[in-house]
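Reading the structure
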Amino acid sequence: MPVEANAAQHPPAARVGTRRLIYAVIVLFGINTMNFYDRQVLGVVNEPVRKLWHLSDTELGLLGTAFVLLYAVVGLPLGWWADVGRRKVILAGGVLLWSAMTALSGLAWNFGSLFAFRLGVGVGEASCAPAANSLLGDLFPRQQRARAISLFMLGLPVGLGLSFIVSGELAQRLGWRAALFVAGMPGLLLGLLALALPEPPRGAAEAYAVGAARREGSPLRAVLRIPTMWWIILSGALHNFNMYAFGHFLVSLLERYHGQTTREAGWIAGVVYGCFGGLGILWGGWLCDWAVRRRVSGRLEVATLALLVATPCLFLALRQPPGYVWAFAAWLLPACTLLYFYYAGVYATIQDIVEPSLRGTAMALYFFAMYLLGAALGPYATGRISDYFAGRAAETLGLPRTDPLVKAIGLHDAMHVVPLLSAVLVVVMFAASRTVQADHEKLQRWIRSHHPDG
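Fair warning: this is a prediction, and the values are worked out from it, not measured in the lab. (Residues numbered from 1 in each chain as written. Predicted model: local features only at pLDDT ≥ 70, side-chain atom pairs only at ≥ 80, totals over all residues. Heavy atoms only, no water.)

Re unusual backbone geometry
A positive phi angle is found at H54, which is not glycine, with a value near 55°. Position of H54 relative to the elements: it lies in the loop between α3 (46–53) and α4 (57–84). (Helix = DSSP H or I, 4+ residues; strand = E, 2+ residues; numbered from the N terminus.)

Printed below as a string of C-alpha cells:
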C-alpha cells in the first residue's frame, strides 16, 4: 500500500486518544497561563516597588529583564533535552521551580534580592516553550497545529490579563508582596498534573513516520541552515522587545500619564490583554490554518497583515493626551488583538520547516534570540530611554528629575519605540513569508527519504 494511503487510513494523531488530547491541551494551557501570569506580576506592582526602594526606570527595567537573562541561556540546553528526554518531566520540574521562585520573590528585602529571585523564575520558565511545543507538534498533524498551538498560546493573553487584574487588586488591598505569594500557588498543582501528560513518539503526527531520525552534525547548525528560521528569529527579537517593553511599563504609564490607580490600571490592562489578546490568539489560529490550506506561506502572510494594521493603532493610542484613558484603550484594543496573530503564525510555521527530532532545539534557539535580544532589552532599554526623556523634561520645565510630571513625560515619550519597531517587524515578517515554501518543500523531501517505504 502506498505510504500516503496508509497514512490516510491511520492518521498519526489518532495514536493518542481524544480524551488524552483534550487533557494535554487543557494542562498545557494552564501551564502557559501561569507561565505568563508569574512573569507579568512584577510589572503590575512596579510603582509600589519603585517608591519603596526609590528606584529609577532603568532599575525597574532591569527587574523586568532579570528572569530573561537566564531564560535565554538555560533555554538552549533545555531545548536539546526536550528533543531527547521525557518532555512531561521537564515541564513538571520547570513549573514547580518557577512557581516556588515567584512566591519567594514576595520575601525580597531589596533590589538585589528581588533581582536574584527573578533569575530563578527564568530558569524554571525556560522549560515551558521547547517541551510544550515539541509535544504539540507530535500530538497534532500539520493541518491542525496552528489551532492547537493557538489554544496553548491562549495562556499568554489570559495569563497576562489575569495577572494585571488579580495582582492589581491584591496589590491595592493587601500590598505588592501578597500579589507575588498568590502568583506562585497554582503552579504547584499544575506541576503534578504535567506528569500525567501523554508522551507520543517524536514525529508521530507526521504523514510519514520518521521517528527520531535527524540530520547529521550539530542540531543548532541544522536549524540555522533553514533560511526562514533566520527571519523568524529576527522577528521574535523585535516582537518580544515590543511586548515586554509595553507589558512591563503599561500599568506605570496608565498610573503616571493617565492618572489611574494600580487597581484601575490593572483592570484596563487586563481587559485589553486578556480578553482582546485572547481573541487575537484564537482568530489568528483559525485564520492561519485556513490560509495554510491554500498555500504554505499563508500563515506568515496572515500574521504580517495583522501586524501591518496593529502598528498605526499603537501609535494613535500613544498620541492620546493625558487623562484620555478611554481613547487610549480604544486604540490599544485592536492593536493588542492583532499583535497576538503573530504567535499562531510563527510557532506553527516552525513546525512546518523543522523535522520532529529538532523542534525542541529550534524553539529553544528561537527563544534564546527572542528573549536575549528582545525581552531582555525591551524593559531595560525602554527604562533607559524613559530616564533620558525625563531628564530632558526636567531641564525644560525646571523641575527635579523625580517630579511625577517629569516621570510621566519621560515614560510616555519612551513608549513610542514600540510602534517604530513594529513597523520594522512588518518588513521582516514579509521577508519570512517569501522563503517558507522552499524550506517546507525541502523538509518534506527529507521526511519522505527517511520513511521506511521510501
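Examining the pattern of salt bridges
Evaluation of the coordinates by the stated rule reveals eleven salt bridges. R256 is the salt-bridge partner of E47, the closest N and O atoms lying 3.2 Å from each other. Taken as a pair, E47 in helix α3 and R256 in helix α13 (residues 227–256) lie far apart in primary sequence, 209 residues in all. Comparing E47 with R256 shows no difference in burial state: the two are buried. Beyond isolated ion pairs, a larger network of salt bridges with shared partners links E47, R50, D57, R256, D387 and K407. (Salt bridge = Lys/Arg side-chain N within 4 Å of Asp/Glu carboxyl O. Buried < 20%, exposed > 50% of the residue type's maximum accessible area, 1.4 Å probe, protein only.)

A word on the packing of aromatic side chains
Remark: the centre distance and the inter-plane angle together describe each pair of aromatic rings, the angle taken between the planes. Under the criterion given, the structure shown has eight aromatic pairs. Centre to centre, the rings of Y340 and Y343 are 5.7 Å apart; their planes meet at 35°, and the pair counts as tilted. Residues Y343 and Y347 carry aromatic rings whose centres are separated by 5.8 Å and whose planes lie at 85° to one another, so their mutual orientation is edge-to-face. Taken together, the residues Y343 and Y347, both in helix α17 (residues 341–353) and four residues apart, mark about one turn of the helix. When its relative accessible area of 3% is taken as the criterion, Y343 is described as buried. Linked through ring pairs, Y340, Y342, Y343, Y347 and Y366 together constitute an aromatic cluster. (Phe/Tyr/Trp six-rings, centres within 6.5 Å; stacked < 30°, edge-to-face > 60°.)

Some points on a nonpolar patch on the surface
A contiguous nonpolar patch, built from L104, L107, L162, V166, F181 and V182 and spanning about 450 Å² of accessible area, is present on the exposed surface. Counting only elements with at least two residues in the nonpolar patch, the list comes to α9 (155–174) and α10 (176–184). Following the sequence through the fold, L104 ends up in helix α5 (residues 87–105). According to the relative accessible area criterion, L104 is partly exposed, its value standing at 34%. (Patch = residues over 30% accessible without salt bridge, like charges linked within 9 Å, V, L, I, M, F, W, Y side chains within 5 Å. Areas by Shrake-Rupley, 256 points an atom, 1.4 Å probe, with all protein chains shown as cover.)

Describing a positive patch on the surface
Together, R221, R225, K442, R445 and R448 make up a region of like positive charge exposed at the surface. The greatest single-element share of the positive patch, amounting to three residues, is contributed by helix α21 (residues 417–449). Looking at R445, the relative accessible area reads 49%, which means it is partly exposed. (Lys, Arg positive; Asp, Glu negative; His and termini not counted. Charge placed at Lys NZ, Arg CZ, Asp CG, Glu CD.)

A few points about α21
With 33 residues, α21 extends 47 Å from end C-alpha to end C-alpha; this agrees with the ideal 48 Å at 1.5 Å per step. Approximately 35° is the largest bend angle found in α21, and it occurs at T435. (Expected span 1.5 Å × (residues − 1). Bend = angle between axes of the 7 residues up to and from the residue.)

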